[in-house]
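One letter stands for each residue in the lines below.
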Amino acid sequence: KFYKWQVMPELILMCEQKEYVCTAITVNMYRRYAEIMERNESDSIQDALEANTRILMDVFGARQREIEQAEPEEVLTAAKEIHFMMQDVITPKFLELNPGHSEQIQKEKSAFDEYDEENGYNEESSTESIWKICKENVDRVVKICIRLMKNSYQQCMESDIIRLLEHAAFEIQTANEDRR
């Protein structure tokens, strides 16, 4: 389990004789992760391996050939650690940006939902929309970072996303306190 007070653990990928280390997830890495996850709708093991390879390339800066030649256990361990950081640590931080409304939004069931699903009228799947929302949220945080912190787009994209989200949550919290 990862606690708020902990610093992000080092993520390590061993590719033959070369060790890749990631000590921070940037905004750009998270956004690319969300893009890859949104496109990875397949249940195919091959598609999952290709998605994991692209994610490892983005996070570690390794080349595809190096990842493909690495020990499978190393690749799967690194991919699992990245998925944990992205899904269980970073994504929930977006909920902290909306204090008091962090509960899940529940969609009302309709009598026609089953019929619509059977006939292909439901255009978006829940998984796809989650990653689309994550990308949109990243874009909003980047816009806020540019406007309020006077950072360039590149500075925002290279920022540690955990620290940026914590700072944004602090700013929102103190803005609400200032109104009182």
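Residues numbered from 1 in each chain as written. Predicted model: local features only at pLDDT ≥ 70, side-chain atom pairs only at ≥ 80, totals over all residues. Heavy atoms only, no water.

Trainee: Tell me about the overall build of the chain, and name the residues and values.
Mentor: A count of helical and extended segments in the chain gives 8 helices and 2 strands. What you see in the chain, going N to C, is helices and strands ordered as β-β-α-α-α-α-α-α-α-α. Per element, the accessible surface of the chain, about 12600 Å² overall, is 49% carbon and sulfur. (Helix = DSSP H or I, 4+ residues; strand = E, 2+ residues; numbered from the N terminus. Areas by Shrake-Rupley, 256 points an atom, 1.4 Å probe, with all protein chains shown as cover.)

Trainee: Break down the layout of surface pockets for me, citing the residues and quoting the values.
Mentor: Within this model, the second largest pocket holds a volume of roughly 260 Å³. Taken together, 15 residues line the second largest pocket, and the ones lying closest to its centre are L49, E50, T53, I67 and E68. Counting only elements with at least two residues in the lining of the second largest pocket, the list comes to helix 2 (45–60), helix 3 (64–69) and helix 4 (72–95). Element by element, the count of residues in the lining of the second largest pocket is highest for helix 2, at 7 residues. Partitioned by chemical class, the residues of the lining of the second largest pocket number 7 nonpolar, 4 polar and 4 charged. (1 Å grid on protein atoms, 1.4 Å probe; cavity = no way out; pocket = protein on both sides within 12 Å on 5 of 7 lines; lining within 4 Å. Points joined across faces, edges and corners; volume = space filled by probe spheres on them. Nonpolar A, V, L, I, M, F, W, Y, C, P; charged D, E, K, R; others polar.)

Trainee: Explain the packing of helix 1 (residues 27–39) against helix 4 to me, and be specific about the residues and the numbers.
Mentor: Running from N to C, helix 1 and helix 4 point in directions that differ by 105°, and their axes come no closer than 11 Å. One element, helix 1, and the other, helix 4, form an angle in the roughly perpendicular class. Where helix 1 abuts helix 4, its residues M29, Y30, Y33 and M37 lie against I82, H83, M86, Q87, I90, T91 and F94. (Axes fitted to C-alpha atoms, helices over the stretch in contact; angles between N-to-C directions. Parallel < 35°, antiparallel > 145°, perpendicular 65-115°, else oblique. Contact = heavy atoms within 4.5 Å.)

Trainee: Could you give an account of the packing of helix 2 against helix 4, with specific residues and numbers?
Mentor: Here helix 2 crosses helix 4 at 75°, and the two axes come no closer than 10 Å. With respect to helix 4, the axis of helix 2 lies roughly perpendicular. On the side of helix 2, the interface is formed by N52, I55, L56, V59 and F60, while helix 4 contributes V75, A78, A79, I82, H83 and M86. A breakdown of the residues in the contact of helix 2 with helix 4 according to their chemical character gives 9 nonpolar, 2 polar and no charged.

Trainee: Could you give an account of the pattern of salt bridges, with specific residues and numbers?
Mentor: Under the criterion given, the structure shown has 7 salt bridges. We note a salt bridge from K135 to E38, for which the minimum N-O separation is 2.5 Å. One end of the pair, K135, is in helix 6 (residues 126–149); the other, E38, is in helix 1, with 97 residues separating them in the sequence. Close ionic contact of R63 with E66 constitutes a salt bridge, the shortest N to O distance being 3.6 Å. We classify R63 as exposed; its relative accessible area is 55%. (Salt bridge = Lys/Arg side-chain N within 4 Å of Asp/Glu carboxyl O. Buried < 20%, exposed > 50% of the residue type's maximum accessible area, 1.4 Å probe, protein only.)

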